[in-house]
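Architecture at a glance
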Amino acid sequence: MTDLDILCFGEPLYELAETVRDGERLFRPGFGGDVSNVGIAAARQGARVGVFAHLGEDSFGDAFIGLWDGEGIDRTAVVRPAGSRTGIYFITYGEDGHRFSYLRAGSAASVVGPSDLPMDRLARTKLLHVSGISQAISASAADAVFAAIAAMRRTGGLVSYDTNFREALWPLERARAVIHTAIAGADIARPGLDDARRLTGLQSPDEIADFYLGLGCGIVAMTLGAEGVLVATRSERRTIPARRVEAVDATGAGDCFGGAFLAEWLRHRDPFAAADYANAAAALKTLGQGAV
């Protein structure tokens, strides 16, 4: 008997987003962290979502607890070690779009290891969602993700993996080795085209989709920016067009797509219809500032 549709495992990050009011530069508080963003998007589509994370024993951690409670997200697997702190990031904006700056070294999330996994919760979850960032923040966190994937395989659960490559966190060669090994144990691969080109060395979306399917996953849902999403299975593939909007802020749009895609796919198991639905959700997300 499953309690959750989706369990999201990764690093929550408190957000401070630049805004200008009456000529004064201010930073508006908000919430980020890719897997938390995915979980919130999925919960807003009606999925039963939980979060597994180590969260700081600070006011930023308190704010996340309030956020997840307000979104109806199960946080029984969240741990707040004494004296720990929550990672923070800043968003600034310029002519080339948005830019991120991070204060995350030594955060509570970065010290998670395999022995910290909520095995009972994993056993009662349909789908585990993790990402490249979940593994990039430390070696122990990378090992914990591998252990979580193995646990889901043992119980017949599903795994979704978003590549979300951040070169500032780890070298490309290590990222390739870790991410590709993890995707080999996943059911759904969620790369972005730019990340996938760096990680695979391939250029065409079709070649990249073939590469990830060749690793063993059954579905590739690859975001292509303004060109939409390429969805590929072993028997079919389609490009789902993007929805055109006057975007305000693209921060978190890929995460919103991921959460909406997973929630919708779990309802009917049609990845193409789920991608079309998720494209609409991601387009709507860009009409407001911040990741959530």
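Let us look at the structure shown here. Computed from a predicted structure; not experimentally measured.

Scanning the chain from terminus to terminus reveals 10 helices and 12 strands. Taken over the C-alpha trace, the chain has a radius of gyration of 18 Å; the compact-globule value for 292 residues is 19 Å, and the two agree within 12%. Overall size of the chain, expressed as C-alpha extent along the three principal axes, is 55 × 45 × 40 Å. Expressed as a percentage of its 292 residues, the buried residues of the chain come to 57%. Each charge class in the chain can be summarised by its mean position, and for the 29 positive and 36 negative side chains these summaries are 3 Å apart.

Let us look at the side chain of R121. By the element assignment, R121 lies in helix 3 (residues 119-123). Once residues within four sequence positions are removed from consideration, R121 is found in contact with D3, L4, L7, D74 and T76.

For the rest of this paragraph, the subject is the sheet that holds strand 10 (residues 219-223). Reading across from one edge, 4-1-7-8-9-10-11-12 is the order of the eight strands in this open sheet, with mixed pairing throughout. Every interior strand has two partners, whereas the edge strands, strand 4 (49-52) and strand 12 (237-240), have only one. Across the sheet, the mean angle separating the axes of adjacent strands is 15 degrees when strand polarity is ignored. Where strand 10 meets strand 11 (residues 229-233), five bridges bridge the pair, whose relative direction is antiparallel. The residue of strand 11 that forms the bridge with V220 is A232.

Moving on: the pattern of salt bridges. The tally for this structure, following the rule as stated, stands at 19 salt bridges. Among the ionic pairs, R124 bridges to D3, the shortest N-O distance being 2.3 Å. With R124 in the loop between helix 3 and strand 7 (125-131) and D3 in the segment before strand 1 (4-9), this pair connects stretches of sequence that are 121 residues apart. For R124, a relative accessible area of 27% puts it in the partly exposed group. Given the relative accessible area of 35%, D3 is considered partly exposed.

Attention shifts here to the pairing of strand 6 (residues 97-103). Strand residues, when the strand is regular, have side chains that alternate between the two faces of the sheet. In this sheet, strand 6 lies alongside strand 5 (residues 87-94) in antiparallel orientation, the contact comprising seven bridges. Residue Y89 lies in a different strand from strand 6, and its bridge partner there is Y102. With antiparallel pairing between neighbouring strands as the criterion, strand 5 and strand 6 make up a hairpin whose turn holds two residues.

Moving on: helix 5 (residues 139-155). With 17 residues, helix 5 extends 25 Å from end C-alpha to end C-alpha; this agrees with the ideal 24 Å at 1.5 Å per step. Burial in helix 5 covers these residues: A141, A142, A144, V145, A148, I149, A151 and M152. Contacts from the buried residues of helix 5 go to strand 1, helix 3, strand 7, helix 4 (132-136), strand 8 (158-162) and helix 6 (172-183). Positive phi appears at G156, one or two residues downstream of helix 5, with a value of about 80 degrees.

The axes of two packed helices give the description: the angle between them and the distance between them. Here helix 6 crosses helix 7 (residues 193-200) at 105 degrees, and the two axes come no closer than 9 Å. In terms of axis orientation, helix 6 runs roughly perpendicular to helix 7. For the pair helix 6 and helix 7, the contacting residues are L172, A175, R176, I179 and H180 in the first and R198, L199 and T200 in the second. Its residues placed into classes, the contact of helix 6 with helix 7 shows four nonpolar, two polar and two charged.

Another point: the nonpolar core. Ranked by size, the top nonpolar core spans 45 residues in total, and within it I6, V49, W68, L127, F257, F261 and W265 carry the most contacts. Per element, the largest residue contribution to this core is eight residues, and it comes from helix 9 (residues 253-268). Other than its neighbours up to four places away in sequence, W68 contacts P12, S36, V51, L55, I73, R75 and V78. If you look at the next biggest cluster of nonpolar residues, it comprises 42 residues, including A77, Y161, L172 and L213.

Moving on to a nonpolar patch on the surface. Together, V245, L284 and L287 make up a nonpolar patch on the protein surface, roughly 270 Å² of accessible area in all. Positionally, L287 belongs in the segment after helix 10 (271-285). Residue classification places L287 among the partly exposed positions, given a relative accessible area of 43%.

Definitions and cut-offs
- Residues numbered from 1 in each chain as written.
- Predicted model: local features only at pLDDT ≥ 70, side-chain atom pairs only at ≥ 80, totals over all residues.
- Heavy atoms only, no water.
- Helix = DSSP H or I, 4+ residues; strand = E, 2+ residues; numbered from the N terminus.
- Rg over C-alpha atoms; globule rule 2.2 N^0.38 Å.
- Buried < 20%, exposed > 50% of the residue type's maximum accessible area, 1.4 Å probe, protein only.
- Lys, Arg positive; Asp, Glu negative; His and termini not counted.
- Charge placed at Lys NZ, Arg CZ, Asp CG, Glu CD.
- Contact = heavy atoms within 4.5 Å.
- Pairing = 2+ DSSP bridges.
- Axes fitted to C-alpha atoms, helices over the stretch in contact; angles between N-to-C directions.
- Salt bridge = Lys/Arg side-chain N within 4 Å of Asp/Glu carboxyl O.
- Expected span 1.5 Å × (residues − 1).
- Parallel < 35°, antiparallel > 145°, perpendicular 65-115°, else oblique.
- Nonpolar A, V, L, I, M, F, W, Y, C, P; charged D, E, K, R; others polar.
- Core = buried A, V, L, I, M, F, W, Y, C linked by side-chain atoms within 4.5 Å.
- Patch = residues over 30% accessible without salt bridge, like charges linked within 9 Å, V, L, I, M, F, W, Y side chains within 5 Å.
- Areas by Shrake-Rupley, 256 points an atom, 1.4 Å probe, with all protein chains shown as cover.

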